[in-house]
Amino acid sequence: MNLSQIPQKVIQNIENQAEATRARSASEAHSSSFLSKIRFNQKSHSVLVTEIPEVKIDLDLRIHYNIHSYFALEGSNFKCPSCSQLIHLPNGSQNKVAKFCEYTGKHFCANCHYDEERLLPSTVVNKWEFKYSKVCTLAREFLDGIYDKPCIDLNKIPENLYTNPIIQKLLSLRHQLAIQKEFIFTCRPVEVQKLMALAGTDLYLLASEENLFTLMSLEATYRGQFLHKLKELVRQYSEHITNECEICRAKASVCEGLTNDTCVIKKDDFIYPFQLETTKSCPNCRALFHKVCYRDPSNCPKCKRKAKLA
């Protein structure tokens with residue numbers, strides 16, 4: 001077996017298992033799964049394992065408002081959704097007074113709702129707000145369980161939030177990391193393990209889709225902590241790819257404009273697709289240019305060569 005082919009098989013294994021996870025029934029959707037570990041033994045040509053988290057969770061992203069009235073309780077037949085105990089408006093037994101859960105949008109009895117507060121995915125995704133809200137015991141247990149799972153899809157945020165500079169920087173760094181992953185997962189197996197270890201507890205950054213984040217990561221971003229860590233991870237991977245590793249450096253490109261004398265810089269330096277500030281990839285053929293050299297998508301030299309061969 002060609003050693004250079006192993007990481008591709010590893011990635012395929014990740015994708016196959018992730019697809020199997022997504023296909024699970026709704027009853028299993030709230031439980032996490034772990035993809036198999038990846039380590040190539042060069043002597044026996046066998047693949048060992050390392051944990052990479054991949055999870056699919058169905059979240060309630062609606063914002064619920066407390067309508068503390070007779071009609072709000074009538075929908076549940078005046079019963080607690082958790083224990084079926086009768087509940088009522090604040091005018092009798094305190095244990096039976098209806099308490100509103102801001103995650104489920106339902107009223108619970110005092111035995112199933114202790115006014116515990118948790119961060120809600122709905123307020124994060126819809127408002128980019130990180131205030132804690134009162135939830136029932138069941139919701140608290142669920143939210144604690146998914147806090148460090150990559151289940152928050154930033155593709156679902158409202159358009160107006162894309163102008164937020166923090167979110168823009170977060171998505172940009174994650175996109176860089178997604179491109180770098182294509183380099184490091186085809187490096188030497190022993191180097192892959194070292195590079196994966198740099199992600200620490202945020203190993204999901206290398207396994208899940210680039211639009212998925214954990215609540216923990218997003219809260220840390222809001223508090224001003226996670227962006228620094230992500231930026232440092234991107235820097236370390238960039239250093240490995242562009243300077244430290246001959247295998248990764250050999251996957252560099254030169255400006256495609258050099259092939260038809262449209263390169264403005266006129267320099268055959270190595271460039272990489274994760275250098276977002278200085279390079280640009282053709283959306284059709286993925287040919288790489290200096291950003292200043294890529295003006296007209298219809299004038300891509302590689303696309304023209306492919307069209308002639310078609």
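### Here we look at the layout of surface pockets
When its volume is computed, the largest pocket comes out at roughly 620 Å³. Along its surface, the largest pocket is lined by 27 residues, and I179, P273, S281, R286 and L288 are the ones closest to its centre. Breaking the lining of the largest pocket down by element, the ones donating at least two residues are helix 5 (165-184) and strand 11 (279-281). Ranked by residues supplied to the lining of the largest pocket, first place goes to helix 5 with seven residues. Its residues assigned to classes, the lining of the largest pocket comprises 10 nonpolar, six polar and 11 charged.

### Things to note about unusual backbone geometry
A positive phi angle, close to 60°, is found at F78, a residue other than glycine. With respect to the secondary-structure elements, F78 resides in the loop between helix 2 (70-74) and strand 5 (99-100). The partly exposed category is assigned to F78, whose relative accessible area is 24%. A positive phi angle, near 60°, is found at D261, a position not held by glycine. As for its position among the elements, D261 is in the loop between helix 9 (246-249) and strand 11. Residue D261 is classed as exposed on the basis of its relative accessible area of 60%.

### Structural notes on the confidence of the model for the protein
Counting all residues, the mean pLDDT for the protein is 80, and 77% of those residues have values of 70 or more. A low-confidence stretch, residues 1-18 (pLDDT under 50), is modelled with 22 contacts involving residues beyond four sequence positions or located in other chains. Note on residues 20-55: pLDDT under 50 across the span, and 78 contacts to partners over four residues away in sequence or across chains.

### Some words on the packing of helix 5 against helix 8 (residues 226-244)
A packed helix pair is summarised by two numbers, namely the angle formed by the two axes and the spacing between the axes. The contact between helix 5 and helix 8 brings their axes to 10 Å, and the two run at 30°. On the basis of their axis angle, the class for helix 5 and helix 8 is roughly parallel. Helix 5 and helix 8 meet at a crossing whose hand is left-handed. Contacts from I166, K169, L170, L173, R174, Q176, L177, Q180, F183 and I184 of helix 5 reach helix 8 at F226, L227, L230, K231, L233, V234, Y237, S238, H240 and I241.

Criteria and cut-off values
- Residues numbered from 1 in each chain as written.
- Predicted model: local features only at pLDDT ≥ 70, side-chain atom pairs only at ≥ 80, totals over all residues.
- Heavy atoms only, no water.
- 1 Å grid on protein atoms, 1.4 Å probe; cavity = no way out; pocket = protein on both sides within 12 Å on 5 of 7 lines; lining within 4 Å.
- Points joined across faces, edges and corners; volume = space filled by probe spheres on them.
- Helix = DSSP H or I, 4+ residues; strand = E, 2+ residues; numbered from the N terminus.
- Nonpolar A, V, L, I, M, F, W, Y, C, P; charged D, E, K, R; others polar.
- Buried < 20%, exposed > 50% of the residue type's maximum accessible area, 1.4 Å probe, protein only.
- pLDDT = per-residue confidence, 0-100.
- Contact = heavy atoms within 4.5 Å.
- Axes fitted to C-alpha atoms, helices over the stretch in contact; angles between N-to-C directions.
- Parallel < 35°, antiparallel > 145°, perpendicular 65-115°, else oblique.
- Left-handed = near helix turned anticlockwise from the far one by under 90°.

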